[in-house]
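Listed below are the residues making up each chain.
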Amino acid sequence: MNTYGHKPEPTSERQEVPKLTLALNRASYPEIDTEVEKFMKNLQDRRLISRLSGSQLRKIHEQVTKIRRLYIEAQIRNQSDKLEKCKMELVRLKYLLAYQKARLSKKEEEEVFGILSECFRNAVEVIIGNIKNTRVADELIEKLYITSEAMIAYHKYYGGGD
């Protein structure tokens, strides 16, 4: 209560969104795990974890799983058409990320998802640029898969909803 007998208005202090500094082409598997966990923990600490939905993360992971499967099939069967399909699905992931981000209504939601989206979009660009280099593409696609899987797990672990 202030001196006039009124309750002060609650302040809606805007929480700063933590950064995700993860370059899949340079990160090791333990670094991926550490960075994703730290990002989700920071979201929880800033009470922003609820701004990211589990269904958004699962949609991303579903697309990444499809890309990984197509890539493995292309390598096993040595089929260039599967490799082209994999490239197409990588491009599709980029515009699906843009669409999901555009659907968000709150500024904080858009910022949180935007950071994840940027991480995935950068990884997709690197993978597309190296898709014919089997050794590099193998590692990058696996890291993309591990990253999306870790995001779902740590999101749930730190209290993220649906």
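For the structure itself, look to the data block above.
Each value, and the rule that gives it
- Residues numbered from 1 in each chain as written.
- Predicted model: local features only at pLDDT ≥ 70, side-chain atom pairs only at ≥ 80, totals over all residues.
- Heavy atoms only, no water.
- Helix = DSSP H or I, 4+ residues; strand = E, 2+ residues; numbered from the N terminus.
- Buried < 20%, exposed > 50% of the residue type's maximum accessible area, 1.4 Å probe, protein only.
- Contact = heavy atoms within 4.5 Å.
- Areas by Shrake-Rupley, 256 points an atom, 1.4 Å probe, with all protein chains shown as cover.
- Expected span 1.5 Å × (residues − 1).
- Arc of directions from axis to C-beta.
- Phe/Tyr/Trp six-rings, centres within 6.5 Å; stacked < 30°, edge-to-face > 60°.
- Lys NZ or Arg CZ within 6 Å of the ring centre and 35° of its normal.
- Axes fitted to C-alpha atoms, helices over the stretch in contact; angles between N-to-C directions.
- Parallel < 35°, antiparallel > 145°, perpendicular 65-115°, else oblique.

1. Brief notes about the overall build of the protein chain
Next, step 1: Scanning the protein chain from N- to C-terminus turns up five helices and zero strands.
Next, step 2: Shown N-terminal to C-terminal, the secondary structure of the protein chain runs as helices and strands in the order α-α-α-α-α.
Next, step 3: Residues counted as buried form 40% of the 162 residues belonging to the protein chain.
Next, step 4: Sequence-distant contacts, at least 24 apart, represent 73% of the contacts inside the protein chain between residues at least 6 apart.
Next, step 5: Approximately 9700 Å² of the protein chain is accessible, and the part contributed by carbon and sulfur atoms is 49%.

2. A closer look at helix α1 (residues 29–45)
Next, step 1: Over its 17 residues, α1 extends 24 Å from the first C-alpha to the last, a length consistent with the 24 Å expected when each residue adds 1.5 Å.
Next, step 2: Among all positions of α1, only Ile32, Glu35, Val36, Phe39, Met40 and Leu43 are buried. Burial along α1 is one-sided: seen end-on, the buried residues are contained in an arc of 125°.
Next, step 3: The inward-facing, buried residues of α1 abut α2 (54–77), α4 (107–129) and α5 (134–157).

3. A closer look at α5
Next, step 1: Given a rise of 1.5 Å per residue, 24 residues ought to cover 34 Å, and the 34 Å separating the end C-alpha atoms of α5 matches this to within 8%.
Next, step 2: One or two steps after α5, the chain reaches Gly159, where phi turns positive at roughly 95°.

4. Details of the packing of aromatic side chains
Next, step 1: Summed over all chains, the structure comprises two aromatic pairs.
Next, step 2: Consider the rings of Tyr157 and Tyr158, whose centres lie 4.9 Å apart with planes at 85°: the pair is edge-to-face.
Next, step 3: Judged by its relative accessible area of 62%, Tyr157 falls in the exposed class.
Next, step 4: Linked through ring pairs, Tyr154, Tyr157 and Tyr158 together constitute an aromatic cluster.
Next, step 5: The ring of Tyr145 has Arg68 sitting right over it, with the charged end atom 3.9 Å from the ring centre.
Next, step 6: The ring of Tyr29 carries the charged tip of Lys143 above its face, separated from the ring centre by 5.8 Å.

5. Quick notes on unusual backbone geometry
Next, step 1: Phi is positive for Arg47, which is not a glycine, with a value near 55°.
Next, step 2: If you trace the backbone, Arg47 turns up in the loop between α1 and α2.

6. Structural notes on the environment of Glu73
Next, step 1: Within the element layout of this structure, Glu73 appears in helix α2.
Next, step 2: Other than its neighbours up to four places away in sequence, Glu73 contacts Asn78 and Lys82.

7. Looking at the packing of helix α3 (residues 80–103) against α4
Next, step 1: For the pair α3 and α4, interaxial distance at closest approach is 9 Å and the crossing angle is 170°. In terms of axis orientation, α3 runs roughly antiparallel to α4. Across from Leu90, Val91, Leu93, Lys94, Tyr95, Leu97, Ala98, Gln100 and Lys101 in α3, the residues of α4 making contact are Glu110, Phe113, Gly114, Ser117, Phe120, Arg121, Val124, Glu125, Ile127 and Ile128.

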